[in-house]
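So you can see what is in the structure, the chains are spelled out below.
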Amino acid sequence: MRQLGLVAGAAATALVAAGAITFAVAGDDGPSDVVPSADSADAGFARDMAVHHQQAVEMSYIVRDRTDDEEVRRLAYDIAQTQANQRGMLLGWLDLWELPKVSADPPMTWMGMGDTVSGKDGALMPGMATNAEMERLGTLGGKRAEIFYLQLMTDHHKGGVHMAEGCVRACEVGVEKRLARGMAEAQESEIALMAGMLKERGAAARR
């Protein structure tokens, strides 16, 4: 019981520290009392990318249970951890700004694409897998699961880069623009890595 309390205390301390860092970094970008509006690019990107990231996390944990390949499992773990952490930052900013985490507007409205993304079968934003594709990933194993995951995640990253670059152009909060720029750069690098991994497995990206 005492050990559980120590773990909880350490977690709480880490959260406080993370919050302090977020405030400090945000403060470096300008007045801390400047808050974006609910229909701003800043809020739209935070809401939409949180949803986009959540699917990547789910996809990555599915493939970790479907293969013993250490290279794919390591990539999946890295993606899951990175995007879960970034998702927490995005949702944390919405809390900080006292803005809703959901919107009545269609996804991608902040990029002027609200009427162009169909949302068919769960693919709410560019690059997102459909519900059927997520279910199929959960039925595959071994090399077939690895290839399908790498193909799905390549598409997912391409959509994520498109969204992140949109925030770099349109967002106004400096710390969020920097995060978006870092997302785009990291995911471009992983797209190249996954292209090599697909080639090693006799496959290629889907589109």
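Described below are features of the structure shown in this document. (Residues numbered from 1 in each chain as written. Predicted model: local features only at pLDDT ≥ 70, side-chain atom pairs only at ≥ 80, totals over all residues. Heavy atoms only, no water.)

**So, helix α3 (residues 70-96)**
Definition in use: Think of it this way: any DSSP run of H or I at least four residues long counts as a helix, any run of E at least two long counts as a strand, and we number them from the N terminus. Residue count minus one, scaled by 1.5 Å, sets the expected span of a helix. Only protein chains enter the area calculation, which uses a 1.4 Å probe; residues under 20% of their type maximum are buried, those over 50% are exposed, and those in between are partly exposed. Identification of polar contacts relies on pairs of N or O atoms within 3.5 Å, with a donor-acceptor requirement for protein atoms, meaning one able to donate a hydrogen and the other able to accept it, and with residues adjacent in sequence counted only if both atoms are side-chain atoms.
An ideal rise of 1.5 Å per residue puts 39 Å on 27 residues; α3 measures up with 39 Å between its terminal C-alpha atoms. All of the buried residues in α3 are Val 72, Leu 75, Ala 76, Ile 79, Ala 80, Gln 83, Gln 86, Leu 90, Leu 91, Trp 93 and Leu 94. Of the residues flanking the start of α3, the one acting as N-cap is Asp 69, its side-chain oxygen 3.1 Å from the backbone nitrogen of Glu 71.

**Description of the state of the cysteines**
Selection rule: In this description, a disulfide is simply a cysteine sulfur pair whose atoms lie within 2.5 Å.
Following the criterion strictly, the structure yields one disulfide and no others. Paired by a disulfide, Cys 167 and Cys 171 hold their sulfur atoms 2.2 Å apart. In this structure, the disulfide formed by Cys 167 and Cys 171 twists by about -120 degrees around the S-S bond and is classed as left-handed. For Cys 171, a relative accessible area of 4% translates into the label buried.

**Topic: the environment of Glu 200**
Relative to the helices and strands, Glu 200 resides in helix α6 (residues 174-200). Expressed as a C-alpha distance, the spacing of Glu 200 and Ile 147, which sit 53 residues apart in the sequence, is 10.0 Å.

**Notes on the pattern of salt bridges**
Stated formally: Salt bridges are counted wherever a side-chain nitrogen of Lys or Arg sits within 4 Å of a carboxyl oxygen of Asp or Glu.
Counted according to the given criterion, the structure contains eight salt bridges. The shortest N-O distance in the salt bridge between Glu 133 and Arg 206 comes to 2.9 Å. Here Glu 133, found in helix α4 (residues 131-137), pairs with Arg 206, found in the segment after α6; they are 73 residues apart in sequence, far enough to count as distant. Residue classification places Glu 133 among the buried positions, given a relative accessible area of 17%. Arg 201 serves as the salt-bridge partner of Glu 146, at 2.8 Å between the closest nitrogen and oxygen.

**Regarding the environment of Arg 181**
By the element assignment, Arg 181 lies in helix α6. Judged by its relative accessible area of 37%, Arg 181 falls in the partly exposed class. Considering only alpha carbons, one finds Arg 181 and Arg 169, 12 residues apart in sequence, at a separation of 9.7 Å.

**Some thoughts on the packing of α3 against α6**
As a reminder of what qualifies: Simply put, an axis is a line fit to the C-alpha atoms, just over the touching stretch for a helix, and the angle between two N-to-C directions goes from 0 to 180 degrees. These descriptions rest on fixed angle ranges, namely under 35 degrees for roughly parallel, over 145 for roughly antiparallel, 65 to 115 for roughly perpendicular, and the rest for oblique. Put simply, a crossing is left-handed when the front helix is turned counterclockwise from the back one by less than a right angle, and right-handed when it is turned clockwise. Throughout, a residue-residue contact means that at least one pair of heavy atoms, one from each residue, lies within 4.5 Å. By the convention adopted, Pro, Cys, Tyr, Trp, Phe, Met, Ile, Leu, Val and Ala count as nonpolar, Lys, Arg, Asp and Glu as charged, and the other residues, Gly among them, as polar.
At a minimum axis distance of 12 Å, the contact between α3 and α6 shows a crossing angle of 165 degrees. When the interaxial angle is binned, α3 and α6 end up roughly antiparallel. When you trace α3 past α6, the crossing you get is left-handed. Only Val 175, Glu 176, Leu 179, Met 183, Gln 187, Glu 190, Leu 193, Met 194, Met 197 and Glu 200 of α6 make contact with α3, whose side of the interface consists of Glu 71, Val 72, Leu 75, Ile 79, Gln 83, Gln 86, Met 89, Leu 90 and Trp 93. Among the residues forming the contact of α3 with α6, the class breakdown is 12 nonpolar, three polar and four charged.

**Topic: α6**
Because an α-helix packs 3.6 residues into every turn, residues spaced three or four apart end up facing the same way. Its 27 residues place the ends of α6 40 Å apart at the C-alpha level, agreeing with the 39 Å of an ideal helix rising 1.5 Å per residue. Buried residues of α6: Gly 174, Val 175, Glu 176, Leu 179, Ala 180, Met 183, Ala 184, Gln 187, Ile 191, Met 194, Met 197 and Leu 198, and no others. Of the residues one or two after α6, Gly 202 is the one with positive phi, at around 70 degrees.

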